[in-house]
Amino acid sequence: MALTAAPGATRRPGRPTPSPQPTPARRAGRGRRVRDNLTGHTFLVGALVCFAVFSWYPMVRGVVMSFQRTRRGETTWVGWDNYARIIADPSFWTAWKNTFVFTGLALVLGYAVPFLVAILLNELRHATGYLRVLVYLPVMLPPASALFLFKFYAYDPSGAGLFNAVLTALGLPTSEWMQSPTMTMPAMVLASTWMNMGGAVLIYLAALQNVPGELYEAAELDGAGLWRRIVHVTVPQTRLILALLAMLQIVATMQLFIEPLILANGAGTQDSATSVAYLIYQHGFFQNDLNGAAALGVIMLVVLAGFSAVYLRLTARQD
Amino acid sequence: MSVPQYRKAAALTLAAGLGLSLAACSTKSDDSSDAGGKVTITVDCQPVGAQKELLKNWNDDVAAFQQQNPDIVVKSVSVGEQCNNPPDFTARLAGGTVTDVFYGYMTDLTQVLDSGQAMDITDYATRDTIPTWDSVDPALKEVFTDGGKLYGVPVKNYSMGLIYNKALFQRAGLDPATPPKTWPEVRAAAKKISALGGGIAGYSEYSAGNTGGWHFTALLYSQGGQVLTADGKKADVNNPAGRQVLQNLRDMRHGDDSMGSRQLLQWGDLLTNAGAGKVGMFIGAPDATQAIVTQFQGRYQDWAMGPLPGQDGPATATLGGGEGYFFKKGLSPEQVRAGLKWIAFQKLTPGKGQFDYVRAKPQNYPVGLPQPLLFAAGSDAQKQELDLRKANANVDTANFAAFEANPVPIKGEPRNAQAIYAVLDAAMSGVLTNPNANIDALLTTAEGKINQLLAADS
C-alpha cells in the first residue's frame, strides 16, 4: 500500500536551497511547530499512557514474573525454573499441537471461506445489502452467546442436536461433536468461522470493489473463465489485504481460548481442546501458578513475535 | 479562543484528567477507623441482587450487628453468586483486592498463604471475639491452621452422599425410602431410571472444569482409595480402587447407557439437568438440594439423600470440605477483632445469621438439612443449633434420614487439590465419552501428571 507523501515534503526543482541560517521568520515557524508538536504530543499522552499501563507494563511484568516464584508471600528469582516446569507439564505439547491444528484448520476453512463468500457477494446484483447483513449478523452476537448456541443447539451429541438431526435426515452417521477427541478441533473451527467471518467478508468485499472492472473485462475478452479471473485478477489485486488478514488470522487463532472454554468446558475430552492460552489460564487461575503461567505467556509471545517477524520479512521481500 | 488554543486546552485537560484518574487509581483507601473512633471492615460474599431474600437477611444482619456494636462499621462487598469462583478468587488475591475479611474454601489455605495476603489470627480467635469458639469442631479449625498458626475461621462444612430424585425412583418402580447402598445397586437403579426415557440420566457425573476430578476423589474415597500417598509425595490413583471407579462409570455410561448422552458436565450443567427432573442420582452434599431449588428451579420434595455407596458395602470414606473466612494481612488488631465478632454473629451463633432458622423457615431456603455441622458433637452450641433446626424444619427431614443414620468417615481434600482435579478431569472425560477408553492408560497418564505436578511444587 503506497503511502502518500506529506504536502511539500518533496523538494520542487528550481527552488533555491534554503539557507542553513535561521531567519526571524523561520524562528517564528519553528516556535509554531514546537507549539503544534506540543499539542500533538499532549494528545498523544492519553494513548501512550493507555498502552503503557495496559499493554507494555503487563508485558514487562509478565517477563519479570516468569523468572520469579512467589511462595508464602516471598518472591524469589528462580532463573529458568518456571520455563523448565511449564515445558515438563504433560499438557504443554498437547496444547501446542492443538493450537497449531486449530490454526491450520482455521486457515483452510476460516480464511478461504470468507474470501469465497465475498467473491460470491461481489458477483451478485440483487439483494446484496440483505445478504451482507446476514453474513455480518453473527459478528454482532456476543462470542459467548454464539458459542453457547453451538454448544447446546448444534453440537448436542444426542439425536436432538441440529447437526445430528441433519446428518440423520441425510442418512449419514451422527457425531459426538465436542465429546469426540477427533471432532473437537474441526467443530471448534466451524463455530469460530461462522462467528467471525462476517468482518473478514466485509473487508474482502471492500477490497474486491476496488478492483478495476476493466481488468475483468479484459480478462473476459481474453477468454478467461471464472476460476482464471479469480486466480489472475482477483487474487493479485487483493494480495495485500489477503496477506494482512492471513497474518491477523494466524495471530488471532493462535490465541484460541473462548472456544475451548465454552464449547468444551475447558480441556474437553482428554485434553483434546486444551489450547496454549487455556493452559496459561489453567496454570494461572486454577493451579496457583501465576509464575508458570507467565512463563508460558512469554513463550507464546516469542513464538508469535518470531512468526510475525518472518512473515513481515517474507511479504516485504515479495513487495 | 482560537482553534489551536482550544486544541491545546483540550489536550491539557485530557492529560490532567488522565493524571488525576491514575492518581485516583493508585490511591490506597485506608479508612479503618474514622474520626469518631469507629472501626470499619470490608467483608465479601454478600448475596447478589438476584438472591433477594438472602440479600435482605444479610443486610438485616449487618444492621443488627452494627446496632449491637456501635463502634463497628461493616461494609459489604458482593463478589458474585459463587463467592469463590476460583479464577476470580485468584485474580483478587494476586491483585491484592480481597476485602479485609474474605471468603475462601478450605482447600485455599496454601494459595492464600502463598499470595502473602493471610493474617495470623491465632491470638485473636478466642471466646472474647467468638463466644462459641470452644464449641467449634477442632478438626475444622485444623484445616485453617498452618505451622501452629490459625489463618481462617470455618463457617460451613459438608460431606458427600448419594442424592436422588424420589419422584423418578417412584416412577421407575424403585423404593424412594431405600436408596442404593452399593455401586452395583446404583448401577441397577440407574438402568431402571434411564429406561423411563425422555433424556433422563439414571446417574449423572461431572467431567470438566475441575469438578470431574473433585468427584473422582470422592468416588475413590468410597472405594477405600486415596489420591495421594500418605506422605503426600506421590499419586495413588493408579490402583484397583481407581480402576473400579472408572469401570463403574464406564459400565453405566457405555454398558447400560444410563448416564445420558451429554457429558463434559460441570457444576451448573448437572444441577440444571437435576432441576429439570432429568437426573435420577448423583453424588453431592446436602446443600446441593438448595442449589437445585433456589438456582435451578427444582422442588425440595423431590430430593432425598443416602450415604455415599461403597463397592460391596458401606463406603470406606467420603469427601468432606467446606468454607471459611480469611483475614487480610496488615489489618489493625481492632479490625481483626471486629471481623471475628461479625463472623461470630453471622456464622457461628445458634439463632442468628445463617442459623436464624425462625427467619429462614418461611423463605425458600431449606431448614432441616443435616449439614453444616460446625460445632463439636456434644457441645452446647451444637445442641442449641440442632434443637432450633429441628423445631423450624421446612424440609422433610425423613428425606435425609438414611444419610444421617449411616455416617461415613470424612476425608479431606488432597494438597494442591485444584491442580490435581484438573488432571483427573481427563480420566473422567475419557471414560465418559469414549466407549473404548483404556482405563489403565487413563490412570497411568493421570498418575504421571500428578507426580509431575507434585515434583514441580515441592
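Model, not experiment: these values are computed from the prediction.

### What about the interface of chain B and chain A?
How big an interface is tends to be reported as the loss of accessible area on association of its parts. Contacts between the two partners involve 46 residues from chain B, matched on the other side by 37 residues from chain A. The three residues of chain B that bury the most area against chain A are Asp114(B), Arg262(B) and Leu264(B), which together make up 17% of that side's buried surface. At the surface where chain B touches chain A, the tally comes to 4 salt bridges. With a closest N to O distance of 3.4 Å, Arg71(A) and Asp114(B) form a salt bridge. Across the chain B-chain A interface, the total number found is 17 residue pairs in polar contact (both at pLDDT 80 or more). Counting residues per element, the ones that place at least two in the side of chain B that touches chain A are helix H1 (3-26), helix H3 (86-95), helix H4 (109-114), helix H16 (417-433) and helix H17 (439-457) of chain B. In terms of residue count, H1(B) provides more of the side of chain B that touches chain A than any other element does, 9 residues in total. Classifying every residue of the side of chain B that touches chain A by side-chain character gives 21 nonpolar, 16 polar and 9 charged.

### Side note on the UniProt feature "domain: ABC transmembrane type-1" (unreviewed entry) in chain A
With numbering matched to this structure, UniProt assigns "domain: ABC transmembrane type-1" (unreviewed entry) to residues 96-311 of chain A. A distance of 20 Å separates the end C-alpha atoms of residues 96-311 of chain A, which is 75% helix and 0% strand.

### Overview of the sheet that holds strand S9 (residues 279-284) of chain B
Residues and elements named next belong to chain B. Within the open sheet, the 4 strands sit side by side as S8-S9-S7-S10. Their pairing is mixed. Both edges of this open sheet fall to strand S8 (201-203) and strand S10 (303-307), since each of them pairs with a single strand only. Across the sheet, the mean angle separating the axes of adjacent strands is 30° when strand polarity is ignored. Bridge count for strand S7 (residues 161-165) against S10 is 5 bridges, and the pairing is antiparallel. By the bridge assignment, Tyr 164 is partnered in S10 with Ala 304. Packed on one face of the sheet, helix H7 (residues 183-194) meets S7, S8 and S9 and runs near 170° to S8.

### So, helix H10 (residues 239-254) of chain A
Under the 1.5 Å per step criterion, the end-to-end length of H10(A) is 22 Å for 16 residues, consistent within 8% with the ideal 22 Å. Every buried residue of H10(A) is listed here: Leu242(A), Leu245(A), Ala246(A), Met247(A), Gln249(A), Ile250(A), Thr253(A) and Met254(A).

What counts as what
- Residues numbered from 1 in each chain as written.
- Chains lettered and ligands numbered in written order.
- Predicted model: local features only at pLDDT ≥ 70, side-chain atom pairs only at ≥ 80, totals over all residues.
- Heavy atoms only, no water.
- Contact = heavy atoms within 4.5 Å.
- Buried area = accessible area lost by both parts, 1.4 Å probe.
- Salt bridge = Lys/Arg side-chain N within 4 Å of Asp/Glu carboxyl O.
- Polar contact = N/O pair within 3.5 Å; in protein donor to acceptor, adjacent residues only side chain to side chain.
- Helix = DSSP H or I, 4+ residues; strand = E, 2+ residues; numbered from the N terminus.
- Nonpolar A, V, L, I, M, F, W, Y, C, P; charged D, E, K, R; others polar.
- UniProt positions renumbered as here; feature names shortened; annotations may be inferred.
- Pairing = 2+ DSSP bridges.
- Axes fitted to C-alpha atoms, helices over the stretch in contact; angles between N-to-C directions.
- Expected span 1.5 Å × (residues − 1).
- Buried < 20%, exposed > 50% of the residue type's maximum accessible area, 1.4 Å probe, protein only.

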